[in-house]
Each structure stands twice: as C-alpha cells, then as structure tokens.
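Per-entry structural report
Residue strings, one per chain:
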Amino acid sequence: MPAARAADSGRTLETPNRVRQQKIKPDSLPLHCPLPGASLWDSHPRVFLPIEDAPDGRIRCPYCGTLYILHQSSDS
C-alpha cells in the first residue's frame with residue numbers, strides 16, 4: 001500500500017499500522033501508538049504503552065497488534 005500524502009503540507013505520511021514491528025529507542029519515550037507520522041484519521045485512538053515497564057522490553061498495541069521493541073543501545 002503506498003504512503004499517503006498530506007494535502008496541506010505536501011509531506012508523505014506513513015500508512016497507519018503498515019509495519020507490524022517497530023524498534024524504539026529510549027529517547028523516543030514515552031511510547032504511544034500510532035507513532036508520529038501516521039495518518040490518524042484512519043487509524044485507532046492514541047494509546048500510551050508502558051514499554052519501559054515491560055520485563056523483556058517488548059509491548060504490543062492492544063488496538064492494532066503492532067509489536068514495539070525497546071532497544072537500549074543507540075547504534076541500532
């Protein structure tokens with residue numbers, strides 16, 4: 001599915017919930033789904049996900065099922 005274009009700014013937005021797995025860096029916290037850049041009009045309500053409290057550094061969005069993985073190193 002192609003990316004959507006925002007009519008007002010001309011920038012390309014990520015298709016909502018297209019990627020089912022996302023790597024998250026600690027400087028991106030607090031984590032919420034959908035992520036910035038997603039087209040919110042055809043996605044789900046924003047939900048904050050406490051990935052920093054997850055014992056294995058993984059959390060799944062209860063709305064869309066996207067798996068978020070917290071990466072501790074800044075080089076990945």
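The shown structure was predicted, so the numbers you read here are calculated from the model rather than taken from an experiment. (Residues numbered from 1 in each chain as written. Predicted model: local features only at pLDDT ≥ 70, side-chain atom pairs only at ≥ 80, totals over all residues. Heavy atoms only, no water.)

Now for the overall build of the protein. Within the protein one finds 0 helices and 7 strands. Each helix (α) and strand (β) of the protein, taken in turn from the N terminus, gives the series β-β-β-β-β-β-β. Sorting the 76 residues of the protein into buried and exposed places 36% on the buried side. A separation of at least 24 residues holds for 37% of the contacts in the protein among residues at least 6 apart in sequence. Taken as a whole, the protein presents about 5200 Å² of accessible surface, with 52% of it coming from carbon and sulfur. (Helix = DSSP H or I, 4+ residues; strand = E, 2+ residues; numbered from the N terminus. Buried < 20%, exposed > 50% of the residue type's maximum accessible area, 1.4 Å probe, protein only. Contact = heavy atoms within 4.5 Å. Areas by Shrake-Rupley, 256 points an atom, 1.4 Å probe, with all protein chains shown as cover.)

Another point: the sheet that holds strand β3 (residues 21-24). Read from one edge of the open sheet, 3 strands run β3-β7-β6, paired in mixed fashion. If you trace the sheet from one side to the other, it starts and ends with β3 and β6 (58-60), each paired once. Direction aside, the axes of adjacent strands within the sheet are offset by 20 degrees on average. With 4 bridges joining them, β3 and strand β7 (residues 67-70) adopt parallel strand pairing. Counterpart to Lys23 in the pairing with β7 is Ile69. (Pairing = 2+ DSSP bridges. Axes fitted to C-alpha atoms, helices over the stretch in contact; angles between N-to-C directions.)

The next point concerns the confidence of the model for the protein. Across the protein, the average pLDDT comes to 79, with 66% of residues at 70 or higher. In the model, residues 1-6 has pLDDT below 50 throughout and makes 15 contacts with residues more than four positions away in sequence or in other chains. (pLDDT = per-residue confidence, 0-100.)

Another point: the pairing of β7. Neither face of β7 is open: one carries Leu67 and Ile69, the other Tyr68 and Leu70, and all of them are buried. Two strands pair when backbone bridges link them, and β6 and β7 are joined in this way by 3 bridges, in the antiparallel orientation. Along β7, the bridge assignment pairs Ile59 with Tyr68. Counting the residues in the hairpin turn of β6 and β7 gives 6 residues, including Gly65, whose phi is positive at 85 degrees.

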